[in-house]
Amino acid sequence: MIAVMASEGLAHDLLRLFPALDEMSPWLSVPLLGLLGCALVTGWITVFALFAIWLERKVAGHIQCRLGPMEVGPHGLLQTVADGIKLMAKEDVIPRSADRILFIVAPVVVFTATFLLFVVLPFDKHVVVADLNIGVFYLAAIASLEVIGVIMAGWASNNKWSLFGAMREATQMVSYEIPLGLALLSVVVVSGTLGFQGIVETQSGWFWRWHVFRSPFLALTFIIYYIAALAECKRAPFDLPEAESELVSGFHTEYSSMRFSIFFLAEYAFMFLVCGVATSLWLGGWNTGIPALDGLTGPLGIMIRTSAMLGKSMFLVFLQIWIRWTYPRIRLDQVMYLCLKVLVPFGFASLIGATLWELAFPGRVWFLQI
Amino acid sequence: MDSVQVSGPGDIRTEEMLLNMGPQHPSTHGVFRAVIRTDGELVLDCEPHIGYLHRCFEKIAESVSYLQVTPYTDRMDYLAAMNNNLGYCLAVEKLLGVQIPPRAQAIRIMVAELNRIASHLMAFGTYGMDIGAVTPFLYAFRDREMILKFFETICGQRLNYNYVRIGGVAKDLPEGMVERVAAFLEYFEPKIDEYNALLSYNGIFIERTANVGVISPELGIAYGLSGPVLRGSGVRRDLRRDEPYCGYEQYEFEVPVGTGEMGQVGDCWDRYMVRVREMKESVGIVAQALKQMPAGDVMSKEIKRVIRPPKGEVYVRTENPRGELGYFLVSDGSQNAFRLKVRAPSFCNISILREITRGCMLADLVAIIGSIDIVMGEVDR
C-alpha cells in the first residue's frame, strides 16, 4: 500500500527492510513513518545547531584574536549544551500587551517552516526523508512560510522595534525570493527535473560534472543563489532584521527562554538548509566527485557519500560565518538595490543564458564532451 | 500601532511613528536618548534628550579643594581621562602662574597622546560595531589594552587615572617605561594600516558612511563643533597647533582634515577617517616626546599642599580627542573654586544631531551618532 506512495527515500527503504510495515493498516503505518521522519529531522537539526553555534563562536573567536568558548568541555564543545540548558531554565516572559496567541504561535511557525524543508534534502541516494518529484518547487514554496512567522512575531510583540525588524525581514525575504527562485530555476532547466535526487544524479561522475563547473551561467547562478540565500538566512551583511546596533535584536527582542531558542534553532537550521540546497543543486550533492567512491555500496558507501554532502555543506556554512564576522551591515535601501537592480537582472540573464547554453552544448562541461 | 486604520483598498491611511531610541540602546553610546519621528525607515525628525548621566560635576567642584577636583574630571570623558586632567591642571596652573618642569611637560604630552590613541581606538571600534562589523572592535580593544596596561603601570589605574596633577604629574615614569612605549609605537603604527584594510576601505563600510550625515564647514562652525567632527568637514582647526599649550609648539605633526575622498566633504566617512589618521599623528608625537624626554623633576616645587590661587578668572582650552575642552575657572582666593564651567566638546558636537539627521534612514542615524563619537559622561557631566 505505502510502497506505492513512497517510491524513493526513507519510507521506501524502511519498507524494504521491514516488509511488515507494508502489511499494516495505512492508518497505522503512515503516521508511524511520519513520526520517524520527524524524529530524524528534529534530531539532525538539534545536533547540527549545537555544533554550528559552537563553530560560529569558535570561528568568530579566532577571527577576532580570541579563543572563543574554552571552559565547558574540550575546547568549549559543550558550551552550547550549557547555554541551551540555561536558556530553558529561564523564565518564559510574554509581555502583557502582546498578542498572546500570535506570540506563542510565531516561533512554532518559523521552526515548522524550516523543519519541513529538511524533508527533501538528500544526504545520500537513499538517505532522504521523502524525495518529492517537485522538490525544488516545494522548497521555494515552504521557504516563504517562514516570513509569516517572523511578521507574526514582530507584530505580536507589540514593540515598535520588533515591528521594524519584522517589516525589514518581510521586505528582504520577499524580494530575495525572486533571485533565489531564478537561480533555482536555471538548475532545474539544465538538469530537467524538479526532484532533488534527480538533480543530484545528473551531477554524478567526476567533479567537473557538478553544475557549478558546467557552464559560466550556472557558476553565476551559484553566486546569485549564495548571496540571496545569505539574505534569506538574515546573515550578515544582510542581518538587518535583527541588526543589533539598530534594532537590538529585531523581531525576537521580546522573546525569552525556550521560545527564543526555537527561533535560534530555526535560524541555524535554515543556515544549514540553504547550504545543503546549494550543495545539492550546484556542488554535486552527495556525489564525492570521484566515480569510484560514489559507486561504493553498503554502509561504507553511505558514510562516504553522506560525509561528502555534509562536508561540502559545512564548508558553505563556514563561509557564511566567515562573511558574517568580516563585513559590516548594509542599509535597507542598499539591500533592495542589490536585489532588484543587480541580482534580479543577472538572475534573468543567467537563466536565459543557462538555457541557451544547454541547447547549444547539451550535456557538456563548458564546450567539452567529458 | 493600535491606531492604524485601513479605510479601503488602495486608500490606506498611514501614520508617522514615534520611536524612542535610548536611553538604553546599544548605539547611543551611553545613556543618550533620541525621540525619533519615523515614516517607515525614514527619520523625519530626531530630538535628542540628555541628562541621564548628570552628576553635578560643576557644583561639586565648588565645594571641594582644587586638588580634589582632578579625579572628578576623570569621570567626564572617561575614555580620555588624561586629557581631561591636563586641561583642568593647566587652568589652575595658569591661575597660580607656576612653571612646570620640562620632564613633566613631556610626560604629560606622552600620556595625553597615548590616551588620544586609546580613545580613537574606542571610537574606531564602536563605529565598526554601529555599522555592523563586530570584528574591528576586538582588534581595537587588543591594542587599546596595551595602552591601558601602560597607564596601569604608570599610575595604577586603567580608566580614571588622576595622573596629571596641578604642578606636574603624580609620579615619575617607572623604569623602562620609555622603551616599552617605544616598542608599542613600533608595533602599533603598521596596525593602523591593518585597520584601514579591515574597515576604512571596506566597500560596504564606504557605502554606509560616505555621503551620510554631511556637515558643511559653515554649519559646523555655526554649531560650535570642534575636534574630529569639525575637522572632518575640512576645517583645519586643532588647538594643539593653533594655540599650543603644554609645549606642543615643539612638536611636529600634521592636522588631518576631511577631504571628501569617498563622498562629500564632512560626511561620516571623513569624520571617521580623521580619527584614524590622527592616531598616526599621535604615534609621531609620542615618539618625539619619548626621544626628547628630559631628566629632572616631575612636580613643580611651587605647589603647596593647600592651593589658594589669587583672585581672578581663566579660561583654558585644550584639544581633547573629542574636540575643544574648555575650563572656565573663577577663583575668589579661597581654597575652593568659586565657579568651574566646563565647555564639553561632546555636548556641543551632539547639538548638531537634529540638523543633520532630517530625512536620513534609521540605519544612518546610528551611523551619524557613531561618527559624532559622544561620551555621555562628558555631555551630562
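Because the structure is predicted, anything quoted here is derived from the model rather than measured.

## What about the overall build of chain A?
Turning to step 1, where the next piece is worked out: Helix and strand counts for chain A come out as 16 helices and 0 strands.
Turning to step 2, where the next piece is worked out: In terms of C-alpha radius of gyration, chain A reaches 21 Å, essentially the compact-globule figure of 21 Å for 370 residues.
Turning to step 3, where the next piece is worked out: Dimensions along the principal axes, computed over C-alpha positions, put chain A at roughly 60 × 55 × 40 Å.
Turning to step 4, where the next piece is worked out: Each of the 370 residues in chain A was classed as buried or not, and the buried ones make up 48%.
Turning to step 5, where the next piece is worked out: A separation threshold of at least 6 residues defines the contact pool for chain A, and within that pool the share at least 24 residues apart is 77%.

## Overview of the sheet that holds strand β1 (residues 17-21) of chain B
Residues and elements named next belong to chain B.
Turning to step 1, where the next piece is worked out: Spatially, the 3 strands line up as an open sheet ordered β1-β2-β3, and their pairing is antiparallel. Taken across any chain shown, the strands that pair with only one partner, and hence form the sheet edges, are β1 and β3 (42-49). Strand-to-strand twist in this sheet, taken as the mean axis angle between neighbours without regard to direction, amounts to 20°.
Turning to step 2, where the next piece is worked out: Taken together, the 7 bridges between strand β2 (residues 33-39) and β3 define a ladder with antiparallel strand orientation. Residue alanine 34 lies in a different strand from β3, and its bridge partner there is proline 48.

## Digging into the sheet that holds strand β7 (residues 323-331) of chain B
All names here are of chain B.
Turning to step 1, where the next piece is worked out: Taken in spatial order, the 3 strands make up an open sheet running β6-β7-β8, and their pairing is antiparallel. Looking at which strands have only one partner, the edges of the open sheet turn out to be β6 (312-320) and β8 (337-343). Adjacent strand axes in the sheet meet at a mean angle of 15°, parallel and antiparallel pairs treated alike.
Turning to step 2, where the next piece is worked out: Examined bridge by bridge, β7 and β8 share 6 bridges and lie antiparallel to one another. Within the sheet, the bridge partner assigned to leucine 329 lies in β8 and is leucine 340.
Turning to step 3, where the next piece is worked out: The strands touched by helix α3 (residues 81-96) are β6 and β7; relative to β6, the strand with the most contacts, the crossing angle is about 150°.

## Some remarks on the interface of chain A and chain B
Turning to step 1, where the next piece is worked out: Taken together, the contact between chain A and chain B spans 24 residues of the former and 26 residues of the latter.
Turning to step 2, where the next piece is worked out: Listed by contribution, the elements that provide at least two residues to the side of chain A that touches chain B are α9 (160-191) and α16 (332-360) of chain A.
Turning to step 3, where the next piece is worked out: Residue contributions to the side of chain A that touches chain B peak at 3 residues, all from α16 of chain A.
Turning to step 4, where the next piece is worked out: Of the residues assigned to the side of chain A that touches chain B, the class counts are 12 nonpolar, 5 polar and 7 charged.

## Side note on the confidence of the model for chain A
Turning to step 1, where the next piece is worked out: Averaged over all residues, the pLDDT of chain A equals 83, while 94% of them reach at least 70.
Turning to step 2, where the next piece is worked out: Predicted confidence is poor over residues 1-7 of chain A, with pLDDT under 50, and the contacts of this stretch with residues over four places away or in other chains come to 14 contacts.

## Considerations on the nonpolar core
Turning to step 1, where the next piece is worked out: Counting residues in hydrophobic clusters, the biggest one holds 225 residues, and the most contacted among them are Ala228, Ala269 and Ala278 of chain A together with Ile368 of chain B.
Turning to step 2, where the next piece is worked out: If you tally residues by element for this core, the top one is helix α4 (residues 102-131) of chain B, at 17 residues.
Turning to step 3, where the next piece is worked out: Beyond its immediate stretch of four places on either side in the chain, isoleucine 368 of chain B contacts Val212, Gly213, Cys268, Leu353, Ile356, Thr357 and Cys360 of chain B.

## So, the confidence of the model for chain B
Turning to step 1, where the next piece is worked out: Taken over all residues, the pLDDT of chain B has a mean of 87, while the share at 70 or more is 97%.
Turning to step 2, where the next piece is worked out: Scored as a whole, the predicted complex attains pTM 0.84, and scored at its interfaces, ipTM 0.80.

## Points about the environment of alanine 287 of chain B
Turning to step 1, where the next piece is worked out: Residue position: alanine 287 of chain B is located in helix α11 (residues 268-291).
Turning to step 2, where the next piece is worked out: With 76 residues separating them along the chain, alanine 287 of chain B and asparagine 211 of chain B place their C-alpha atoms 35 Å apart.

## Here we look at the pairing of β6 of chain B
All names here are of chain B.
Turning to step 1, where the next piece is worked out: Pairing of β6 with β7 involves 9 bridges; the strand directions are antiparallel. What sits directly across from valine 314, in β7, is leucine 329.
Turning to step 2, where the next piece is worked out: Here β6 folds back onto β7, and the loop between the two strands holds 2 residues.

## Regarding the packing of helix α12 (residues 216-232) of chain A against helix α13 (residues 257-282) of chain A
All names here are of chain A.
Turning to step 1, where the next piece is worked out: It is the contact of α12 with α13, at a shortest axis distance of 10 Å, that shows an interaxial angle of 170°. Between α12 and α13, the angle is such that the two are roughly antiparallel. Together, Leu218, Phe222, Tyr225, Tyr226, Ala229 and Glu232 of α12 and Val274, Ala278 and Trp282 of α13 make up the contact between the two elements.

## Some details on unusual backbone geometry
Residues and elements named next belong to chain B.
Turning to step 1, where the next piece is worked out: Positioned with a positive phi, asparagine 162 is a non-glycine residue whose angle comes to about 50°.
Turning to step 2, where the next piece is worked out: With respect to the helices and strands, asparagine 162 occurs in the loop between α5 (135-155) and β4 (164-165).
Turning to step 3, where the next piece is worked out: By C-beta crowding, asparagine 162 is classed as partly exposed, having 19 other C-beta atoms within 10 Å.
Turning to step 4, where the next piece is worked out: A positive phi angle, near 65°, is found at asparagine 211, a position not held by glycine.
Turning to step 5, where the next piece is worked out: In this structure asparagine 211 comes out as partly exposed when scored by C-beta crowding, with 17 C-beta atoms within 10 Å.

## Some details on the packing of helix α8 (residues 145-156) of chain A against α9 of chain A
Residue and element names in this part refer to chain A.
Turning to step 1, where the next piece is worked out: Between α8 and α9, the least distance of the axes is 7 Å, while the angle of their chain directions is 165°. In this view, α8 runs roughly antiparallel relative to α9, as classed from their interaxial angle. Crossing hand, α8 versus α9: left-handed. Here α8 contributes Val147, Val150, Ile151, Ala153, Gly154 and Trp155 to the contact with α9, which in turn contributes Ser162, Leu163, Gly165, Ala166, Glu169, Ala170, Met173 and Val174.
Turning to step 2, where the next piece is worked out: A class-by-class count of the residues in the contact of α8 with α9 yields 10 nonpolar, 3 polar and 1 charged.

Scoring rules and cut-offs
Residues numbered from 1 in each chain as written. Chains lettered and ligands numbered in written order. Predicted model: local features only at pLDDT ≥ 70, side-chain atom pairs only at ≥ 80, totals over all residues. Helix = DSSP H or I, 4+ residues; strand = E, 2+ residues; numbered from the N terminus. Rg over C-alpha atoms; globule rule 2.2 N^0.38 Å. Buried ≥ 20, exposed ≤ 12 C-beta atoms within 10 Å, placed from the backbone. Contact = placed C-beta atoms within 7 Å. Pairing = 2+ DSSP bridges. Axes fitted to C-alpha atoms, helices over the stretch in contact; angles between N-to-C directions. Nonpolar A, V, L, I, M, F, W, Y, C, P; charged D, E, K, R; others polar. pLDDT = per-residue confidence, 0-100. Core = buried A, V, L, I, M, F, W, Y, C linked by C-beta atoms within 7 Å. Parallel < 35°, antiparallel > 145°, perpendicular 65-115°, else oblique. Left-handed = near helix turned anticlockwise from the far one by under 90°.

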